[in-house]
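Single-letter residue listing:
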Amino acid sequence: MSSGRPRTGRQLSELLYLCGGGRAALPAGPETSVVPDDRHGRVRAVVSSLGPRGAVQVDGTTCGSAALVVTAAAGDHDLARRLTNPGAFDLAQLAVKAASTRRALAGLRWPGALGTPPWSAAQVARYGDLTYTHRLVVDSRPSQSLPLIDLAVAWARSGVPVPLYTGGDTMTGLVTAVPRHVVVLTSPDGHALEVYEPSSGRLHPVDEDGLRTGGGRRPAYGGWSHITWVLLPAGPQRARG
C-alpha cells in the first residue's frame, strides 16, 4: 500500500551526506534579547525601494549574487540608498558574482554559467558586521535538516536575512539534483516569514512547516521543490590587520 507521501529522488546534498559531508557542528543561534527595533522588515524595504522590477536578478546566473546584494543592503543603509540609482543593483550583482566566483574552485575561477556555489557565497555574504557559514540540507533526513531549518527561522525572526539554496531531485534528472537557485528567508515583523525570490523580484509568504518539507514546486523557491543548502550567520566580521 502507498504511504501517501510524494515520491522523490535524491539530491546532491543527500549524496554528499552519504559520503561523509554535512556533519559539521551547528553554528550558534541569534541573541534574540538584543534585536534592534528597526531590524525587521529591512529586506522588504530594500526590495520595495528598487521598484516593481528593480529587484530582479540581472541574468540567469546571478540569483545568488542578487540574494547576497539584498542581504548586504538590508544591513547597510548607505548601500541600500546607492542601489536605488539607475542600474546600480545590476552592477552590484555582477560585482558580487565576480568576487564570489574568482577562487571558488580549489583556488581557480568557478564557471560563470553555474552561478555561485554555496561555499564561496558564504565567504562574501555579509549582514552588517555578521559573516556567514554554509551547511548542506538533507530534507530526507529530518535529524539533519530540521535543526538547520530551525536555526534559519530563528535568525530570520531575529531580523537577520538567511540565504537559502533550492533545487530539485533526481526524479527529474541529475541536473536538477544540484543547488539551482538562491532565495532569502526573512521576517517583516519577527513572526511572519517571507522569502525574497530574485527571478521575480518579489517577496513570497512562507510558513514554518512548509520550510521543513520537500515536495512540489514552489514560487517562493523559484519553481524548485527542496531547500538544498543554507547560509547561516557565523559571527562578527573580524577586522583585517
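Note that the structure is a prediction, hence the values are computed from the model and not measured.

Attention now moves to the overall build of the chain. Counting its secondary structure elements, the chain contains 8 helices and 7 strands. Expressed as a percentage of contacts within the chain between residues at least 6 apart in sequence, the contacts between residues at least 24 apart total 67%. Summed over its atoms, the accessible surface of the chain is roughly 11700 Å², and 55% of this surface lies on carbon and sulfur atoms.

Right, let's talk about helix 2 (residues 42-49) for a bit. Listed as buried for helix 2 are Arg 42, Val 43, Val 46 and Val 47. Buried residues in helix 2, looked at end-on, bunch into an arc of 135 degrees, giving them a common side.

Before going further, it helps to spend a moment on the pairing of strand 5 (residues 193-197). Taking burial as the measure, the 5 residues of strand 5 include 5 buried ones, the bulk of the element. Judged from the 5 bridges that link them, strand 5 and strand 6 (residues 202-206) form a sheet pairing that is antiparallel. Within the sheet, the bridge partner assigned to Glu 194 lies in strand 6 and is Pro 205. Between the end of strand 5 and the start of strand 6, which pair antiparallel, lie 4 residues, with Gly 201 showing a positive phi angle near 70 degrees.

Ranked by size, the top nonpolar core spans 56 residues in total, and within it Leu 185, Tyr 196 and Leu 211 carry the most contacts. Broken down by element, the residue count for this core peaks at 8 residues, all from helix 3 (residues 63-74). Residues within four places of Leu 185 in sequence aside, it is in contact with Ala 152, Val 153, Ala 156, Val 160, Pro 161, Val 162, Leu 164, Leu 193, Glu 194, Val 195, Val 206 and Leu 211.

With that settled, consider the packing of helix 2 against helix 3. Contact geometry for helix 2 and helix 3: axes closest at 8 Å, N-to-C directions at 115 degrees. Compared by their axis directions, helix 2 and helix 3 come out roughly perpendicular. Between helix 2 and helix 3 lies a crossing whose hand is right-handed. Of helix 3, the residues touching helix 2 (which contributes Arg 42, Val 43 and Val 46) are Val 70, Ala 73 and Ala 74. Taken together, the residues that form the contact of helix 2 with helix 3 break down as 5 nonpolar, no polar and 1 charged.

Summed over all chains, the structure comprises 1 aromatic pair. Pairing Trp 119 with Trp 229 gives two aromatic rings, centres 6.3 Å apart and planes at 65 degrees, and the pair type is edge-to-face. Here Trp 119, found in helix 6 (residues 118-124), pairs with Trp 229, found in strand 7 (residues 226-236); they are 110 residues apart in sequence, far enough to count as distant. Just above the ring of Trp 224 sits the side chain of Arg 217; from NZ or CZ to the centre is 5.4 Å.

Next up on the list: the packing of helix 3 against helix 5 (residues 88-101). Contact geometry for helix 3 and helix 5: axes closest at 8 Å, N-to-C directions at 110 degrees. In terms of axis orientation, helix 3 runs roughly perpendicular to helix 5. Along the contact surface, helix 3 presents Ser 65, Ala 66, Leu 68, Val 69 and Val 70, while helix 5 presents Phe 89, Ala 92, Gln 93, Val 96 and Lys 97. Across the contact of helix 3 with helix 5, the residue classes break down as 7 nonpolar, 2 polar and 1 charged.

Attention now moves to the side chain of Arg 42. Mapped onto the fold, Arg 42 is located in helix 2. By relative accessible area, which is 17% here, Arg 42 ends up buried. Setting aside chain neighbours within four positions, we find Arg 42 in contact with Ala 74, Gly 75, His 77 and Tyr 127.

This brings us to the confidence of the model for the chain. Across the chain, pLDDT averages 83, with 76% of residues at or above 70. Counting interchain partners and residues more than four positions distant, the pLDDT-below-50 stretch residues 1-7 has 1 contact.

Another point: helix 3. With 12 residues, helix 3 ought to run about 16 Å at 1.5 Å a step, and its terminal C-alpha atoms sit 17 Å apart, in line with that. Extensive coverage of helix 3 is indicated by the burial of 11 of its 12 residues.

In this structure the tally under the stated criterion is 6 salt bridges. Note that Arg 212 is salt-bridged to Asp 150, the shortest N-O span being 2.5 Å. Pair noted here: Arg 212 is in the loop between helix 8 (208-211) and strand 7 and Asp 150 is in helix 7 (residues 142-157), with a separation of 62 residues, a long-range link. Looking at Arg 212, the relative accessible area reads 22%, which means it is partly exposed. Asp 150 gets classed as partly exposed once you look at its relative accessible area, which sits at 35%. When the shortest N-O distance is used, the salt bridge between Asp 209 and Arg 212 registers 3.6 Å. Assessed through its relative accessible area of 57%, Asp 209 is described here as exposed.

How each quantity is defined
Residues numbered from 1 in each chain as written. Predicted model: local features only at pLDDT ≥ 70, side-chain atom pairs only at ≥ 80, totals over all residues. Heavy atoms only, no water. Helix = DSSP H or I, 4+ residues; strand = E, 2+ residues; numbered from the N terminus. Contact = heavy atoms within 4.5 Å. Areas by Shrake-Rupley, 256 points an atom, 1.4 Å probe, with all protein chains shown as cover. Buried < 20%, exposed > 50% of the residue type's maximum accessible area, 1.4 Å probe, protein only. Arc of directions from axis to C-beta. Pairing = 2+ DSSP bridges. Core = buried A, V, L, I, M, F, W, Y, C linked by side-chain atoms within 4.5 Å. Axes fitted to C-alpha atoms, helices over the stretch in contact; angles between N-to-C directions. Parallel < 35°, antiparallel > 145°, perpendicular 65-115°, else oblique. Left-handed = near helix turned anticlockwise from the far one by under 90°. Nonpolar A, V, L, I, M, F, W, Y, C, P; charged D, E, K, R; others polar. Phe/Tyr/Trp six-rings, centres within 6.5 Å; stacked < 30°, edge-to-face > 60°. Lys NZ or Arg CZ within 6 Å of the ring centre and 35° of its normal. pLDDT = per-residue confidence, 0-100. Expected span 1.5 Å × (residues − 1). Salt bridge = Lys/Arg side-chain N within 4 Å of Asp/Glu carboxyl O.

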